[in-house]
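Take a look at the letters that make up each chain.
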Amino acid sequence: MNSKKLVVFGFGARGRIYADFANKYPELFTLVAIIENNPERIEDAKKDYKDVPVFSDYHDFLAKHVHADVVAVCTQDADHKEHAIAMMEAGYNLLLEKPIANNEEDCLKIYESSIKNNRRVIVCHVLRYSPFYSTIKRIIDEGKIGEVVSIQASENVGYYHQAHSFVRGPWKNSKESSPMILAKCCHDMDIIRWLIGEKCKSVNSYGSLLYFNKEHAPVGSSEYCSDCKYKDCIYNAQHLYLETDAKNFVGYFTNGEINDSNVLKCLRHSDYDRCVFKSDNDVVDHEVTIMNFANGKTASHTMSAFSKDIYRDIKIYATKAQLIGLMEDNHIEIKYFGGENEIVDVDISKANVGGHNGSDYFMMNSLFKTLNGEIAPGVTYLDVSLDSHLICFAAEKSRTNNGMTVFIGE
Ligand SMILES: NC(=O)c1ccc[n+]([C@@H]2O[C@H](COP(=O)([O-])OP(=O)(O)OC[C@H]3O[C@@H](n4cnc5c(N)ncnc54)[C@H](O)[C@@H]3O)[C@@H](O)[C@H]2O)c1
């Protein structure tokens, strides 16, 4: 099998992961072009990938008719419609970052374009490929726990991650980006839909922006943490970006070398220095969604900003056993009715590239197989991914209408 030709469109946090993957596994992918319009990132791309052409305008890329097997569309959510459709019209298959798009209409337009142009689109629901969730899926498919009746899942965003991404960063405002339930939880809805194995019929959702708002700003606090007297605030930006796991996010605002003094210099009076109580954020900081699936199956999902660590957990109630899992620990336990409990071994030996507990690595391997016409478990084509997005749009409609029942597909 030949190495597949890959184009990275958007050399940001996600795009770099795919470029790095190709660099590390040349037998699977060869990076043939990068499309990026941010001057600093263009410099980074040229420095890191000297032999790869970098296009600052995607129209110039299209004019060159570069031969490629797949274009990874890794620009921001609101740009996916324009970029995905332009690439498909030009004949490229896509690896499309999730969410497909930030509203239902655009998702459907992308879907229609894929049909019209007969293009394959794989959506990056990376969690499906994780050793943790793929093991759970295998357990269900083997019938070990019987028929799944109900799922209870939670996504704990992490207080510093919420502050970085959803209060100060790219996904803070639903009009500029996406509602929280889509930006953060479409993976979870995809996993729930996948494990329950039925279509979702209706959704109710409740949630609000309870804490990260002006009412909670300490008296006399400043617009920017740099100028603020409350240096011991949990959300003090200088503390978060230098002394906590939020260090991993400094690339969002730091140009040039990553060291403490440069990070502080770039941080000062940037969006990431803003008081978390005075930003222009509107996405929720907590949300509970309940779902009614075909055949009377049910699920609930809780998203919360208010956790120390970032983690997901799941409880699956099935006819022969209960399954309890904690993703970050790769811990899965089955409690058989009338039998012994079993701790299931999750093989994480190959989980070595990118984030999401190795999911990026496995996803890229599956993409390679798919492009070679092989069957790759877990691969999420656009039509399947649409299901999870429709759950998210229904949840947002319900949440903004006092939790009213929203029926899907009616
Ligand atoms: N699969 C996942 O788990 C996962 C995780 C995080 C983010 N995402 C999604 O991935 C996408 C990218 O997120 P990110 O964190 O990498 O964002 P990012 O802002 O770091 O990267 C986007 C890049 O696209 C470039 N860009 C924007 N418009 C362009 C244009 N017209 N031409 C060329 N380049 C352009 C930007 O300059 C930037 O470098 C988003 O849709 C996001 O929601 C997915």
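These figures come from a predicted structure and were not determined experimentally.

Take the overall build of the chain next. Helix and strand counts for the chain stand at 13 helices and 15 strands. Computed over the C-alpha atoms, the radius of gyration of the chain is 22 Å, within 12% of the 22 Å expected from 2.2 N^0.38 for a compact globule of 410 residues. With respect to the principal axes defined by its C-alpha atoms, the chain has extents near 60 × 60 × 45 Å. Buried residues in the chain amount to 56% of all 410 residues. The long-range fraction of contacts in the chain, counting pairs at least 24 apart against all pairs at least 6 apart in sequence, stands at 72%. Of the roughly 18100 Å² that the chain leaves accessible, carbon and sulfur atoms contribute 49%. Mean positive and mean negative side-chain charge positions of the chain (45 and 57 charges, respectively) differ by 1 Å.

A word on a negative patch on the surface. Together, Asp-245, Asp-309, Glu-328 and Asp-329 line one region of the surface with negative charge. Residue placement: Asp-329 occurs in the loop between strand 12 (321–326) and strand 13 (331–336).

We now examine the site of the ligand. Lining the immediate environment of the ligand, one finds 26 residues, of which Arg-14, Glu-36, Arg-41, Asp-77 and Glu-97 sit closest. The separation between an oxygen atom of the ligand and a polar main-chain atom of Lys-98 is 3.3 Å. Protein burial of the ligand: of its 850 Å² of free accessible surface, 87% is covered by the chains. Those elements that provide at least two residues to the shell around the ligand are helix 1 (13–24) and helix 4 (80–89). Tallied by class, the residues present in the shell around the ligand amount to 10 nonpolar, 10 polar and 6 charged.

Here we come to the domain arrangement of the chain. Here the chain is partitioned into domain 1 (4–123), domain 2 (127–212 + 281–348 + 381–407) and domain 3 (214–273). Placing a centre on the C-alpha atoms of domain 2 and another on those of domain 3 gives a separation of 30 Å. Counting from both sides, the interface comprises 13 residues of domain 2 and, opposite them, 15 residues of domain 3. Between domain 2 and domain 3, the buried area comes to about 1300 Å², and carbon and sulfur atoms account for 64% of it. On the domain 2 side of the interface with domain 3, the three residues burying the most area are Tyr-160, His-164 and Arg-168, jointly 53% of the side's total. Counting across the domain 2 and domain 3 interface gives 1 salt bridge. Counting every contact that joins domain 2 to domain 3 gives 5 residue pairs in polar contact (both at pLDDT 80 or more). In terms of residue class, the side of domain 2 that touches domain 3 is built from 8 nonpolar, 3 polar and 2 charged.

Remark: helix 6 (residues 131–141) packs on helix 9 (residues 186–196), axes separated minimally by 10 Å, with the N-to-C direction vectors making an angle of 20 degrees. With respect to their mutual orientation, helix 6 and helix 9 come out roughly parallel. The element helix 6 and its partner helix 9 pack so that their crossing is right-handed. Across from Tyr-133, Ser-134, Ile-136, Lys-137 and Ile-140 in helix 6, the residues of helix 9 making contact are Ile-191, Trp-194 and Leu-195. Looking at the contact of helix 6 with helix 9 residue by residue, the classes come out as 6 nonpolar, 1 polar and 1 charged.

Side chains of nonpolar character tend, in soluble globular proteins, to be buried together. Of all hydrophobic cores here, the largest spans 79 residues; its most connected members are Phe-61, Met-87, Ile-136, Ile-151 and Ile-316. Two domains each donate at least three residues to this core, and these are domain 1 (4–123) and domain 2 (127–212 + 281–348 + 381–407). Setting aside chain neighbours within four positions, we find Ile-316 in contact with Ile-136, Ile-140, Ile-145, Val-148, Ser-150, Ile-151, Leu-195, Ala-321, Gln-322 and Leu-323.

What follows is about the environment of Met-88. Its place among the elements puts Met-88 in helix 4. A residue is classified by how much of its surface remains accessible, and Met-88, at 1% relative accessible area, is buried. A sequence separation of 27 residues divides Met-88 from Ile-115, and the C-alpha atoms of the two residues are 9.8 Å apart. Setting aside its immediate chain neighbours within four residues, Met-88 contacts Leu-94, Ile-110, Ser-113, Ser-114, Asn-117, Arg-119 and Val-121.

Bringing helix 12 (residues 359–371) into the picture now. The end-to-end C-alpha separation of helix 12 is 18 Å, in line with the 18 Å expected for 13 residues at 1.5 Å each. Within helix 12, 10 of the 13 residues are buried, which leaves the element mostly enclosed by the surrounding structure. Ser-359, Asp-360, Tyr-361, Met-363, Met-364, Ser-366, Leu-367, Phe-368, Thr-370 and Leu-371 are the residues of helix 12 that are buried. Its buried side turned inward, helix 12 meets strand 1 (4–9), helix 1, strand 2 (29–35), strand 4 (70–73), strand 5 (94–96) and strand 6 (121–123).

Before going further, it helps to examine helix 13 (residues 382–399). Look at helix 13: 25 Å from first C-alpha to last across 18 residues, which is about the 26 Å you get at 1.5 Å a residue. In terms of residue burial, helix 13 counts as a mostly covered element, since 14 of its 18 residues are buried.

Once that is clear, we can look at the environment of Asn-38. Examined against the element boundaries, Asn-38 turns out to sit in the loop between strand 2 and helix 2 (39–48). Exposure remark for Asn-38: the relative accessible area of 27% places this residue in the partly exposed category. Remark: the alpha-carbon pair of Asn-38 and Ser-56, spanning 18 residues in sequence, is separated by 7.7 Å.

With an omega of -5 degrees, the peptide bond running from Lys-98 to Pro-99 counts as cis. Note that Pro-99 resides in the loop between strand 5 and helix 5 (104–116). For Asn-118, which is not glycine, the phi torsion reads 50 degrees and is therefore positive. When you line up the elements, Asn-118 lands in the loop between helix 5 and strand 6. If you check the backbone angles, Asn-402 has positive phi at about 55 degrees while not being a glycine. Secondary-structure assignment places Asn-402 in the loop between helix 13 and strand 15 (406–407).

The rules behind the values
Residues numbered from 1 in each chain as written. Predicted model: local features only at pLDDT ≥ 70, side-chain atom pairs only at ≥ 80, totals over all residues. Heavy atoms only, no water. Helix = DSSP H or I, 4+ residues; strand = E, 2+ residues; numbered from the N terminus. Rg over C-alpha atoms; globule rule 2.2 N^0.38 Å. Buried < 20%, exposed > 50% of the residue type's maximum accessible area, 1.4 Å probe, protein only. Contact = heavy atoms within 4.5 Å. Areas by Shrake-Rupley, 256 points an atom, 1.4 Å probe, with all protein chains shown as cover. Lys, Arg positive; Asp, Glu negative; His and termini not counted. Charge placed at Lys NZ, Arg CZ, Asp CG, Glu CD. Patch = residues over 30% accessible without salt bridge, like charges linked within 9 Å, V, L, I, M, F, W, Y side chains within 5 Å. Salt bridge = Lys/Arg side-chain N within 4 Å of Asp/Glu carboxyl O. Near = heavy atom within 4 Å. Polar contact = N/O pair within 3.5 Å; in protein donor to acceptor, adjacent residues only side chain to side chain. Nonpolar A, V, L, I, M, F, W, Y, C, P; charged D, E, K, R; others polar. Domains from an automatic or database assignment. Buried area = accessible area lost by both parts, 1.4 Å probe. Axes fitted to C-alpha atoms, helices over the stretch in contact; angles between N-to-C directions. Parallel < 35°, antiparallel > 145°, perpendicular 65-115°, else oblique. Left-handed = near helix turned anticlockwise from the far one by under 90°. Core = buried A, V, L, I, M, F, W, Y, C linked by side-chain atoms within 4.5 Å. Expected span 1.5 Å × (residues − 1).

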